[in-house]
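This is what each chain is made of:
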Amino acid sequence: MEFISTRGKVAGIGFIDAVLMGLGDDGGLLVPKHIPHISEDTLAKWQQLSYQELALEIFKLYIDGEIPHDDLNKLVNDSYATFRSPEVTPLRRVKDGLHVLELFHGPTFAFKDIALQFLGNLYSYIARERNATIHILGATSGDTGASAIEGVRGKEGIKICILYPHGKVSKVQELQMTTVDDANVLNLSVEGNFDDCQRIIKELFADVAFKQESHLRAINSINIARLLPQTVYYFYAYFQLAKQGLTAGAQVNFSVPTGNFGDIFAGYLAKKMGLPIGKLILATNENNILERFVNEGLYQPGEFHMTYSPSMDIQVASNFERYLYYLLGENAAEVAARMDGFKQEGRIAVTDELRAQVQRDFVAASVENDDCLATIGQVHDDFGYLLDPHTACGVAAADRLAGKGEVTVALATAHPAKFNEAIELIQIEQSFPPQIQALFDKPQHQKRVEGSNEAVKAELLKFF
Ligand SMILES: *Cc1c(COP(=O)(O)O)cnc(C)c1O
C-alpha cells in the first residue's frame, strides 16, 4: 500500500516511511492511497478470528509485505500480550440495544494502549531493522503520554519526550507518566493547555530541518500507525454481536467519545472498508468544535473549558484534516487551500451540500459536565456498571441519538479509576486496581517549562 498526503505534496511512500514521517512533510496528514474494500464473504470468515488474528489480517492489507508475515505476527502478539483480558477488547451488554466495548484493559487503563503498544513495538522493530534513531516527541491531554511511555520505556535505540498541560491532567494520568524512572523518558509539564502543547509539537515537526537532524518521530494520532490498530476493534465488536445473533448484515451504531478525531476516524475508515456501521455518533464535552461542525457546518475553535473528561478537552482536532480530505472528494489542492484559510481566518465553513454529507457520515452531541455525571450515576444505579467520564459522554450521546430498536456500541475509552476526581463528586466509591494504587507511593520525575517552542526545543536538545 502506498500512502499519500492530504495536501498532495507527499506521494507514493510505504508504510514504514509513513510511520517515520508522522506528519506529512508538506504539513498534511498521511492517508492510504486506496481504502481496501472487504467483501461480505471475507467479513463472514473474519468473524471466527481471535482479536490478534483479526488485527493481523487488517494490518496486512496496509502493510503488504513490507514487514514479513512472521515478524508482523510477532509484533501483534507481543502488543496484545500485555492486555489483562484474553479478548483484548471485551464487549459488555449494559441494557437493551446498548453495549459497551471495553478498550481499557491495556497497561495504562485507557484505549490509547491498543495503538501505542503496537506502535512502541513497531518503533523498536524499525530501530533494529533500519538502524534508525527514534526520538519520540508527543503532546498529551493525559492518556496518550502514559500509554506512549509505557509502549517504549527502557527500549533500546528509543528516547521519548512527552509534553502535557501543567495541572490539567488527572492525578492518575500524571502519576502514570511521571513515576516511570527509565532514562529514556522525559516528561515536560508545560504552562498552558493541551492545544498549546499540540501547537508546539506541530510547529517543531513542521520545521523539517530540525525534525530530521533530531530524528523526531510522532506518536500522536496524526501517525498513521495509530489509526490502523483502532479500526480493528470496530470489526471485532461487530463480530461479537454477529455471534450473539445479530441479523446478518444488520447495521450497528458506534458512539465515540471524541477529542482529536482519531478514534472516530478509525470508525469512519472501518465503514469505508465495508463494515456495516449505522450511525457514527460523535460525542464531545463542552469543548464541542466537532459537534458544532457536524450540526452547523462551521469548524471554528471556541472557548477552552476544563471538564471531567480532560482527554477530550481539545479545540483543534488534529485528525480532522483526514476527514476533510474525503469530504472534499480527495482533492488535495482544495484541502491545502482550506487548511491555509483555517490558519489565516481561524475557521472552515462548508456549503449546505457538504454539510448534508457530513450529517450522513456522523451524528453528534455535546454532553455537558452535569449530564456526564448524571449518566455515570444513572448507569451505575440502574445497571451496576461504572462508566468513566469520557465513556459517559458517549453513552449520553447514544441515549440522545440512537433510534428505537437500533443496536449501539459505546466505546469505553478509559477505566473509571483513572478519573476518580469526577466519580467522587457523585459519591460513588470505587476500588482502584492494584497497578493504579501502587503509583501513589512512587517518586515523580518531571520538569516544568514555559509554553514556548524555544523552551521546549532547549530541553529537547539537552535530552537527545
Ligand atoms: C484520547 C481519548 C479520547 C479521545 O480520542 P480521540 O481519538 O482523540 O478522539 C477519549 N477518551 C479517552 C479516555 C481518551 O484517552
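Rules used throughout
Residues numbered from 1 in each chain as written. Predicted model: local features only at pLDDT ≥ 70, side-chain atom pairs only at ≥ 80, totals over all residues. Heavy atoms only, no water. Pairing = 2+ DSSP bridges. Helix = DSSP H or I, 4+ residues; strand = E, 2+ residues; numbered from the N terminus. Axes fitted to C-alpha atoms, helices over the stretch in contact; angles between N-to-C directions. Near = heavy atom within 4 Å. Polar contact = N/O pair within 3.5 Å; in protein donor to acceptor, adjacent residues only side chain to side chain. Areas by Shrake-Rupley, 256 points an atom, 1.4 Å probe, with all protein chains shown as cover. Nonpolar A, V, L, I, M, F, W, Y, C, P; charged D, E, K, R; others polar. Core = buried A, V, L, I, M, F, W, Y, C linked by side-chain atoms within 4.5 Å. Buried < 20%, exposed > 50% of the residue type's maximum accessible area, 1.4 Å probe, protein only. Contact = heavy atoms within 4.5 Å. UniProt positions renumbered as here; feature names shortened; annotations may be inferred. Phe/Tyr/Trp six-rings, centres within 6.5 Å; stacked < 30°, edge-to-face > 60°. Lys NZ or Arg CZ within 6 Å of the ring centre and 35° of its normal. Salt bridge = Lys/Arg side-chain N within 4 Å of Asp/Glu carboxyl O. Expected span 1.5 Å × (residues − 1).

Caption draft 1: Representation of the sheet that holds strand E13 (residues 363-366) in the model. Read from one edge to the other, the open sheet built from six strands follows the order E3-E4-E14-E9-E10-E13, with strand pairing classed as mixed. Edge positions in the sheet fall to strand E3 (91-95) and E13, since each of these pairs with one other strand and no more. Sheet twist, expressed as the average angle between the axes of neighbouring strands with direction ignored, equals 25°. Pairing analysis gives five bridges linking strand E4 (residues 98-102) to strand E14 (residues 408-412), with the strands arranged parallel. Bridge pairing links Val 100 to Ala 410 in E14.

Caption draft 2: Main features of the site of the ligand. Around the ligand, a shell composed of 15 residues is seen, among which Lys 112, Asp 143, Gly 259, Asn 260 and Asp 263 lie nearest. Between an oxygen atom of the ligand and a main-chain N or O atom of Asn 260, the distance comes to 2.8 Å. Bound to the protein, the ligand loses 98% of the 380 Å² it would expose on its own. Taken together, the residues that form the shell around the ligand break down as five nonpolar, seven polar and three charged.

Caption draft 3: Broad picture of the nonpolar core. Membership of the largest hydrophobic core comes to 114 residues, with the highest contact counts inside it found for Phe 15, Leu 122, Tyr 234, Phe 235 and Phe 254. Element by element, the count of residues in this core is highest for helix H10 (residues 224-243), at 13 residues. Once you skip the residues sitting within four places of it in the chain, Leu 122 turns out to touch Phe 15, Val 19, Ile 67, Leu 75 and Ala 225. In this structure, Ala 365, Tyr 385, Cys 393 and Ile 428 belong to the second largest nonpolar core, which totals 27 residues.

Caption draft 4: Just the UniProt feature "domain: Threonine synthase N-terminal" (unreviewed entry) in the chain, in detail. The sites that carry the UniProt feature "domain: Threonine synthase N-terminal" (unreviewed entry) are, in the present numbering, residues 3-80. Taken end to end, residues 3-80 comprises 50% helix and 8% strand; its first and last C-alpha atoms sit 26 Å apart.

Caption draft 5: A look at the UniProt feature "modified residue: N6-(pyridoxal phosphate)lysine" (unreviewed entry) in the chain. In this structure's numbering, the residues bearing the UniProt feature "modified residue: N6-(pyridoxal phosphate)lysine" (unreviewed entry) are Lys 112. Aside from chain neighbours lying at most four places away, what touches Lys 112 is Asp 143, Thr 144, Ser 147 and Arg 226.

Caption draft 6: Focus on the packing of aromatic side chains. All chains considered together, the criterion is met by 26 aromatic pairs. Measuring from ring centre to ring centre gives 6.2 Å for Phe 261 and Phe 320, while their planes differ by 75°; the resulting arrangement is edge-to-face. Taken together, the positions of Phe 261 in the loop between strand E9 (252-257) and helix H11 (262-272) and Phe 320 in helix H13 (residues 320-327) put the pair 59 residues apart, joining distant regions of the chain. The residues Phe 261 and Phe 320 share a single accessibility class, namely buried. One aromatic cluster is present, built from ring pairs that chain together Phe 261, Phe 265, Tyr 268, Phe 293, Tyr 299, Phe 320, Tyr 323, Tyr 325, Tyr 326, Phe 342 and Phe 362. Positioned over the ring face of Phe 109 is Arg 84, at 3.7 Å from the centre of the ring. Here the basic side chain of Lys 159 rests over the ring of Phe 463, its NZ or CZ set 5.7 Å away from the ring centre.

Caption draft 7: The arrangement of the pattern of salt bridges in detail. Evaluation of the coordinates by the stated rule reveals 22 salt bridges. Its salt-bridge partner being Lys 74, residue Asp 78 comes within 2.7 Å of it at the nearest N-O pair. One end of the pair, Asp 78, and the other, Lys 74, are both in helix H4 (residues 69-81), four residues apart, so they sit about a helical turn from each other. When its relative accessible area of 52% is taken as the criterion, Lys 74 is described as exposed. A salt bridge links Asp 96 to Arg 93; the shortest N-O distance between them is 2.8 Å. Through salt bridges with shared partners, a single network forms among Glu 150, Arg 153 and Asp 182.

Caption draft 8: Summary view of helix H12 (residues 289-296). Buried residues dominate H12, accounting for six of its eight residues. For H12, the complete set of buried residues consists of Ile 289, Leu 290, Glu 291, Arg 292, Phe 293 and Val 294. In the core, the buried residues of H12 are packed alongside strand E10 (277-284), strand E11 (298-299), H13, helix H15 (352-361) and E13. Looking one or two residues past H12, Gly 297 carries a phi angle of roughly 80°, positive in sign.

Caption draft 9: Just helix H3 (residues 51-63), in detail. The terminal C-alpha atoms of H3 lie 18 Å apart, and with 13 residues this matches the ideal 18 Å at 1.5 Å per residue to within 8%. Taken together, the buried positions of H3 are Tyr 51, Gln 52, Leu 54, Ala 55, Leu 56, Ile 58, Phe 59, Tyr 62 and Ile 63. Phi turns positive one or two residues past the end of H3, at Gly 65, with a value near 85°.

Caption draft 10: Layout of the environment of Leu 163. Following the sequence through the fold, Leu 163 ends up in strand E6 (residues 158-165). Of the residues examined, Leu 163 reaches a relative accessible area of 0% and is grouped as buried. In sequence terms Leu 163 and Arg 448 are 285 residues apart; their C-alpha atoms lie 9.7 Å from each other.

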